[in-house]
Amino acid sequence: MMKFFEQIFKKAAPAKEVVGEKSEEGSEESKKETTPYVPDETERLLGTREKESTTKLIGGANESIVVKLKDDGRGIFKPLKGEEFSIRRDVGGDLFKRERAAYLVDKFLDLGLVPSTVIREIDGEIGSIQEFIPDTKFIGEFTEDERKQYKTELIKLFLFDAVIWNQDRHGHNFLLKDGKIYAIDNGYAFDSSSPLFYGDYASEPIPEEIKEKFRKFLSWTNGLEILKTLLDELLTPRQAKACIARIKFLGDIMKKQGVLPSEKDVKFNPSK
């Protein structure tokens, strides 16, 4: 993974039930301000459409199943029962909940990296199901020149992984398509048992569009409180609190410095 980022960051010349789902009448803006969370249409379909068929994926430490949904659509289902115990122990909880938590963080920050992800039961098993994105490639399938179009997306991924404290980002758990990155396999996140891996890319300028996304979220009066409430349902209080602290911390760094922080500057809980 380090080689992939190094090539991009070369210096250039100048459920049935969806967790957290609540609805309320009113405009979209009023819903944003007054309800804990309003799921979009893709989330609703992932959480409610019946299963048509399933196919197990081969490989990976945890079980993953491609689910074909009735009336079109596919998702990647990760059941609780298929989670490797040692990994659950390392992250301090259920991986499928972290898949949902990562999606919520991404959506609140408007980064557009994580495909829609909800929690539901399939065949009596609880787990996460994530929207399947067809016709994607891994970064290793691109030439060095082709990878350069993904530089801004990779900077977003860098910051997103710092926010969720992702300990397992490598070249096979993010996908690329048409200039866009899709961050998948986010279950090994939110706990402090391992450090991050991106410290070699400190001081890379952060594009204005990314800084604006953080500014916009941090200026939303109820945003941090609503996100914290949703994360509390999925993570431990310590993990949720630390994630919120990292969002504030990184937003402050963007405002004051405008460059990617060094690894030593990004702490699990920077408020301490």
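This text gives an overview of the structure that appears in the document.

Thresholds applied
Residues numbered from 1 in each chain as written. Predicted model: local features only at pLDDT ≥ 70, side-chain atom pairs only at ≥ 80, totals over all residues. Heavy atoms only, no water. Axes fitted to C-alpha atoms, helices over the stretch in contact; angles between N-to-C directions. Helix = DSSP H or I, 4+ residues; strand = E, 2+ residues; numbered from the N terminus. Parallel < 35°, antiparallel > 145°, perpendicular 65-115°, else oblique. Left-handed = near helix turned anticlockwise from the far one by under 90°. Contact = heavy atoms within 4.5 Å. Nonpolar A, V, L, I, M, F, W, Y, C, P; charged D, E, K, R; others polar. Pairing = 2+ DSSP bridges. Polar contact = N/O pair within 3.5 Å; in protein donor to acceptor, adjacent residues only side chain to side chain.

## What about the packing of helix H5 (residues 95-109) against helix H7 (residues 151-164)?
If you want to describe how two helices pack, look at the angle between their axes and the distance between the axes. Running from amino to carboxyl end, H5 crosses H7 at an angle of 125 degrees, the nearest separation of the two axes being 11 Å. The pairing of H5 with H7 is recorded here as oblique in orientation. When the axes of H5 and H7 are compared, the crossing they make is right-handed. Across the interface between the two elements, Ala102, Val105, Asp106 and Leu109 of H5 pack against Phe160, Val163 and Ile164 of H7. Across the contact of H5 with H7, the residue classes break down as six nonpolar, no polar and one charged.

## Considering the sheet that holds strand S4 (residues 117-122)
Pairing is antiparallel across the open sheet formed by five strands, whose spatial order is S1-S2-S3-S5-S4. Of all the strands in the sheet, just strand S1 (51-56) and S4 have a single pairing partner and so form its edges. With strand direction ignored, the average angle separating the axes of adjacent strands in the sheet is 35 degrees. Sheet topology places S4 next to strand S5 (residues 125-131); six bridges connect them, and they run antiparallel. When the bridges of S5 are listed, Ile122 appears paired with Glu125.

## Digging into the side chain of Glu43
Mapped onto the secondary structure, Glu43 falls in helix H3 (residues 41-48). A distance of 2.9 Å separates the side chain of Glu43 from the side chain of Tyr103, its partner in a polar contact.

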